[in-house]
Protein chains: 2
Amino acid sequence: MPSLLSGTIDLKFAPQDSGRLTRQITDRLRAAILSGALPQGYRLPSSRVLAEDFKVARNTVSSAIDQLAVEGYVVVVHGRRPVVAAVEKTQLIAGDVLGHPGSGAMRISHWARQVSRSDRHFTNDGRSRPFAPGLADAREFPHEIWARCLRRAARSRYLSGHAGVNHPALRTALLRHLVEHRGVKADARRLIITSSAQAAIELISRVILNAGDLAWIESPGYGGARTVLEATGARVKGIPLDGSGLRLAGRTDRPRLIFCTPSHQYPTGRLMPIARRQELLAFATEIGTAIIEDDYDSEFHFDGRPVVALQGLDTAGHVFYVGTFSKSMLPDIRVGYAIVPDGLVETFEKVQRHTSQVVTGATQGALAEFIADGDYATHIRRMTRIYRSRRDRLTHALASVVGERLAITPPAGGMQLLARLEPGSDDCRLAADLAMVGMMARPLSRHFTGRITEQGLFLGFAAWDDSEIDAGVDLLGTVIAAKLRDR
Amino acid sequence: MPSLLSGTIDLKFAPQDSGRLTRQITDRLRAAILSGALPQGYRLPSSRVLAEDFKVARNTVSSAIDQLAVEGYVVVVHGRRPVVAAVEKTQLIAGDVLGHPGSGAMRISHWARQVSRSDRHFTNDGRSRPFAPGLADAREFPHEIWARCLRRAARSRYLSGHAGVNHPALRTALLRHLVEHRGVKADARRLIITSSAQAAIELISRVILNAGDLAWIESPGYGGARTVLEATGARVKGIPLDGSGLRLAGRTDRPRLIFCTPSHQYPTGRLMPIARRQELLAFATEIGTAIIEDDYDSEFHFDGRPVVALQGLDTAGHVFYVGTFSKSMLPDIRVGYAIVPDGLVETFEKVQRHTSQVVTGATQGALAEFIADGDYATHIRRMTRIYRSRRDRLTHALASVVGERLAITPPAGGMQLLARLEPGSDDCRLAADLAMVGMMARPLSRHFTGRITEQGLFLGFAAWDDSEIDAGVDLLGTVIAAKLRDR
């Protein structure tokens, strides 16, 4: 019978430590049992015989047998040779790397199906094809400074003790920045730190919405938020815009949650003026509605200065202010944040732990230092200059190459612009043609929830330098010209 | 009227850059409008008068007025002085840091209420009170090496390009480790990287379960998983254990999901032998049930070697293998992972993006290097020696101090042990008494779902050195003695 063992399993053991030898022998015997080569009831040779056969010390074999007994592969009765237990034949548990046949009869949830069906483009999908909106230029990021902050934070972790899910130093530094630059009103403990604005929007939606609840979103509006709202099982209604943004007049429905981008409407770039802001807040306060204010790219303001956040006007505690570092720093930084109402801080910290929406301490510490040392403000000032010049470059290039086909209002800030197409155009078709030549332009029509009233392309200008912008616009011009010829 | 402006608002401007001056003037005028000091219809003084009054250049005032017009606070008709628009009076938007009154009439969701109600202790709550289970000793962690890995990864990000949500280098290094040490069977793309095991369990539960579905959990079992399963709206049933773990015999209900810890049952430390593993896999395959195998602390094995993962035996693709670095490295590292069935990789990557369960690139890169360079294996070997000696220390100290009150079976691995109390004890009461003196012992009874059949304390030994263990046990002895006296 030793020949059977020798025949089916590889006995070449490297003469290494005995632990490794034990492991190899255990693996081989286990494989022989699982494959059926050693059937149920088969009595193994004595440890002396096995040791000779395997050319190892006897106690190495004994350890392997003990392990197999613990795992239930063999039964050992004191003084007798071990017997193979009742084990069904199965594939070898080899160290090889193989795929499983698939998930068979398992069924996935409604939620997973809903999320899977979503075909929206993720702004952070990592590709930097021009003119993907919302992408920062990683080449201009001060990687060295950031790497040093990270290293220092990682080294000091053990000295700084345990800081909970939202680190006080980051809360303090970030809040100071937001108070100064965005006019928010809060104390630092109301800041929760998540892995992105998307994560913050998801947590807030789940904390507020039950399945069947009504939620409003701007139309056109941010597709990422729509997917999140829909995935909660809420009924999501797209609310058309007028010149002041979300149009409230004449609405009689009562949403539980409103998602909006008052400082820089996504994707139209509109600013919601003070009168509409007050109207919105009064409406929310009256019917107990939560408002998510997504302040996604207000760091970069080119003309005048950014408008104070809606959150700073809210006295009733209905506004959740959401922001992100993925645009002001790097997509890959993976930190977003929300200011939540005072009474919900504890709920959110529980929910953060529950879903593990907690950012690693090294990143929180590094970010606190990066902000407190002024590196964050310096980077934003520098990128504001660069992005302003790129906005101008893209605006002028588009005007000179495809000016008669695209209508552009240069945005007062941010990282992208909206180029409207004439009525009757097919922006999805055009975007698909552009994708064929390696360009990414997001069709405006895809941002509508409900009736589509406009066609256009949403184009990022932040991540590309002047020559890349020029080359991109030339390519865009070629594709549009080819489309016209095809008609 | 300039006197009104002067009277209500602070006019002391630091003579800094004109942008800052503009901002200060805008802030002051906005505040005056919101407070009602400048009522609707009030016509502002000319920019020349305001400039004199504010002692700034005229174009600084003009920029401030332009900004207020954009925000809707004033109406400017060409050639005439600006008029205050219809704006409701509200609190000043000051830069001060104040809390909101609360969340008023807003209502939170069933899910949020469910999660908020959970009073379970989180293993990663950051406190290192002895004998909190599941805590690694951060003092023994090679912070310097890790900090260098982080720095290198952060610096190379821009060179390495974009790697998607789950970085290939980390997937490859981690899978190799898991194949060698845990006997899993998969290809690298089936590894998804999350912020913790908890996050992975939450994603899997949401992908599999609809509200109302039946889910099984071991009883006693891991409370974190129970909270997650319950929060999906599933009916969660606790399945009693026998000597082989989860007892399947005689069950006629058909769960959609089974949560289990076959290699080191949480909290009893039991090993599920091969026959029960095969029975469990056959059961799951037959009725299309998903299994979450939480392999939470199998890195540390003291006696013999760790048992091969259940996942390695699964040929039908029903097992989700879950692990974490928060025990093998640091709680604060915030990285967990799951191996998902082949057919669900795309679904999980979408769900990861949707919930932003994506770990920052620097951490993924650093971890890939830490594992590939052998530092991870070295750390685990070193900590295994340390933790084995601490297990022995705690076992002996407990036996000598409170041996007649607590029954202990030293665990074969891991970071904690279960000390059983005699029937009729009140482990929650004892744990509360211990908490009063700064000690954390988790009561066994709290781990049951359904009928409570045992009392005991679940005690971690990993994060404390010998003298801390001795001092902790002395304190434990004092509390227990005082309890006896009180009777």
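Residues numbered from 1 in each chain as written. Chains lettered and ligands numbered in written order. Predicted model: local features only at pLDDT ≥ 70, side-chain atom pairs only at ≥ 80, totals over all residues. Heavy atoms only, no water.

Caption draft 1: Representation of the environment of A:Ala368 within the structure. Residue and element names in this part refer to chain A. Checked against the element boundaries, Ala368 lands in helix H12 (residues 361–372). The class of Ala368 is buried, set by a relative accessible area of 7%. When the C-alpha positions of Ala368 and Ala169 are compared, they lie 5.8 Å apart, and in sequence the two are 199 residues distant. Once residues lying within four places of it in the same chain are set aside, the contact partners of Ala368 are Ala169, Leu170 and Ala173. (Helix = DSSP H or I, 4+ residues; strand = E, 2+ residues; numbered from the N terminus. Buried < 20%, exposed > 50% of the residue type's maximum accessible area, 1.4 Å probe, protein only. Contact = heavy atoms within 4.5 Å.)

Caption draft 2: How the structure looks around the pairing of strand E14 (residues 456–460) of chain A. Residues and elements named next belong to chain A. Within E14, 5 of the 5 residues are buried, leaving the element largely enclosed by the surrounding structure. Both faces of E14 are covered, namely the face carrying Gly456, Phe458 and Gly460 and the face carrying Leu457 and Leu459. Pairing between strand E12 (residues 416–421) and E14: 5 bridges, direction antiparallel. Within E14, the residue paired with Leu417 across the bridge is Leu459. Inspection of the sheet shows strand E13 (residues 442–443) paired to E14 by 2 bridges, in the antiparallel sense. Across the sheet, Pro443 pairs through a bridge with Leu457, a residue of E14. (Pairing = 2+ DSSP bridges.)

Caption draft 3: Highlighting the packing of aromatic side chains. With the rule as written, the count across this model stands at 28 aromatic pairs over all chains. Measuring from ring centre to ring centre gives 6.1 Å for A:Phe141 and A:Phe370, while their planes differ by 35 degrees; the resulting arrangement is tilted. Remark: A:Phe370 occurs in helix H12 and A:Phe141 occurs in the loop between helix H5 (110–117) and helix H6 (143–160); sequence separation between them is 229 residues. The pair A:Phe141 / A:Phe370 is uniform in exposure class, with both members buried. Each member of the aromatic cluster is reached from another via a ring pair, and the members are A:Phe141, A:Trp146, A:Phe325, A:Tyr337, A:Phe370 and A:Tyr376. Here the guanidinium or amino end of A:Arg206 rests over the ring plane of B:Trp111, the centre of that ring lying 3.9 Å away. (Phe/Tyr/Trp six-rings, centres within 6.5 Å; stacked < 30°, edge-to-face > 60°. Lys NZ or Arg CZ within 6 Å of the ring centre and 35° of its normal.)

Caption draft 4: Looking closely at a nonpolar patch on the surface. Taken together, A:Met436, A:Val437 and A:Leu475 make up a surface patch of nonpolar side chains, about 290 Å² in accessible area. As for its placement among the helices and strands, A:Val437 is situated in the loop between helix H14 (427–436) and E13. (Patch = residues over 30% accessible without salt bridge, like charges linked within 9 Å, V, L, I, M, F, W, Y side chains within 5 Å. Areas by Shrake-Rupley, 256 points an atom, 1.4 Å probe, with all protein chains shown as cover. Salt bridge = Lys/Arg side-chain N within 4 Å of Asp/Glu carboxyl O.)

Caption draft 5: Here's a closer look at the side chain of A:Thr363. Tracing the backbone shows A:Thr363 in helix H12. Since its relative accessible area comes to 2%, A:Thr363 is described here as buried.

Caption draft 6: Examining the sheet that holds strand E14 (residues 456–460) of chain B more closely. Residue and element names in this part refer to chain B. Here we have 4 strands laid out as an open sheet, ordered E11-E12-E14-E13, and antiparallel in their pairing. The open sheet has two edge strands with one neighbour each: strand E11 (406–408) and strand E13 (442–443). With respect to the sheet, helix H14 (residues 427–436) is in contact with strand E12 (416–421), E13 and E14, its orientation differing from that of E14 by roughly 40 degrees. (Axes fitted to C-alpha atoms, helices over the stretch in contact; angles between N-to-C directions.)

Caption draft 7: Spotlight on the packing of helix H11 (residues 345–355) of chain A against helix H5 (residues 110–117) of chain B. Two elements in contact, H11(A) and H5(B), have axes separated by 9 Å at closest approach and are oriented at 85 degrees. Here H11(A) lies roughly perpendicular to H5(B), going by the angle between them. Within the contact between the two elements, H11(A) uses A:Thr347, A:Lys350, A:Val351, A:His354 and A:Thr355 and H5(B) uses B:Trp111, B:Ala112, B:Val115 and B:Ser116. A breakdown of the residues in the contact of H11(A) with H5(B) according to their chemical character gives 4 nonpolar, 4 polar and 1 charged. (Parallel < 35°, antiparallel > 145°, perpendicular 65-115°, else oblique. Nonpolar A, V, L, I, M, F, W, Y, C, P; charged D, E, K, R; others polar.)

Caption draft 8: Structural detail: the environment of B:Leu457. Residues and elements named next belong to chain B. The topology assignment puts Leu457 in strand E14. Each C-alpha atom of the pair Leu457 and Phe131 lies 9.8 Å from the other, and the pair is 326 residues apart in sequence. Those residues within four positions of Leu457 in sequence are excluded, and the remaining contacts are Leu417, Leu418, Ala419, Leu421, Asp427, Leu430, Leu434, Ala441, Arg442 and Leu476.

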